[in-house]
Amino acid sequence: MRSEPETPSPDATPRKRQHLIHDELPKEHEDPLIGVLHRVIRMGVKVLAVLMVFVILWGVLDVVYVLYQQLTSPPFLLLEVGDLFRLFGAFMVVLIAIEIFINIRLYLGTDVLPIQLVIATALMAIARKVIVLDIEAVSAEYVFAIAAVVLALGVTHWLVARKQ
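Just so it is clear, the model here is predicted, and its values are computed rather than measured. (Residues numbered from 1 in each chain as written. Predicted model: local features only at pLDDT ≥ 70, side-chain atom pairs only at ≥ 80, totals over all residues. Heavy atoms only, no water.)

J.: What is the right way to look at the confidence of the model for the protein in this model?
T.: Residues shown with low pLDDT carry predicted positions that ought not to be read at fine detail. Looking at the protein, the pLDDT average stands at 82 and 82% of residues meet or exceed 70. The lowest-confidence element of the protein is helix α2 (residues 81-109), averaging 86 in pLDDT; the highest-confidence one is helix α4 (residues 140-163), averaging 93. Within the model, the stretch residues 1-18 combines pLDDT values under 50 with three contacts to residues more than four positions away or in other chains. (pLDDT = per-residue confidence, 0-100. Helix = DSSP H or I, 4+ residues; strand = E, 2+ residues; numbered from the N terminus. Contact = heavy atoms within 4.5 Å.)

Below, the structure written as structure tokens:
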């Protein structure tokens, strides 16, 4: 026996997710010149997306090359701590490039401003900085500044995620 789906009562309103809507570059505009300029800028952003794919592929090849160099230089097939940090940094650069590509794709494909993703990308970039940071070569002020940026981005990410 099939049961009919329950219809929600008028009092039960679903919780809507609120997004920041943007329409900075609408395809149509009341001024024809502005409409043409918007289309040109959108085309430029598409070119940036294509270039970012090339950067990502180049970065992957660079990671492979660096790993090959590290494993084939004496001592063979062994990585030292410094080598690992260089590899981690190279990996993180590629991951950041992928996040930037995703930001570009979302910018082009939706009317939702991907604030949380932009903040997450910034967090990943500063995390890369922390991972490859040579503590002996930087001042205490520099470390405190990075800590302040990490804290500010972390709190911002938490607040944006909590609001959604």
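Still to come is the rest of the account.
J.: Before we go on, may I ask you to explain the side chain of E99 in this structure?
T.: Residue placement: E99 occurs in helix α2. This buried residue, E99, is left without a salt bridge; R105 holds the nearest opposite charge, at 9.1 Å. Dropping the residues within four chain positions of it, E99 is found in contact with L117, T121 and M124. (Buried < 20%, exposed > 50% of the residue type's maximum accessible area, 1.4 Å probe, protein only. Lys, Arg positive; Asp, Glu negative; His and termini not counted. Salt bridge = Lys/Arg side-chain N within 4 Å of Asp/Glu carboxyl O.)

J.: What is the right way to look at helix α1 (residues 32-72) in this model?
T.: Each full turn of the α-helix corresponds to 3.6 residues, which orients residues three or four apart in the same direction. Taking 1.5 Å as the rise per residue, α1 with 41 residues should run 60 Å; its terminal C-alpha atoms sit 60 Å apart, in good agreement. For α1, the set of buried residues is G35, H38, R42, V45, A49, M52, I56, G59, V63, V66 and Q70. Looking at the buried side of α1, the elements it contacts are α2. N-cap assignment for α1: the residue whose side-chain oxygen lies 3.1 Å from the backbone N of L33 is D31. (Expected span 1.5 Å × (residues − 1). Polar contact = N/O pair within 3.5 Å; in protein donor to acceptor, adjacent residues only side chain to side chain.)

J.: Help me out: how do you make sense of the pattern of salt bridges in this one?
T.: For side chains bearing opposite charge, pairing can occur when the charged atoms are close. According to the stated counting rule, one finds one salt bridge in the structure shown. Ionic pairing is found between D83 and R86, a salt bridge with its closest N-O pair at 2.4 Å. Taken together, the residues D83 and R86, both in helix α2 and three residues apart, mark about one turn of the helix.

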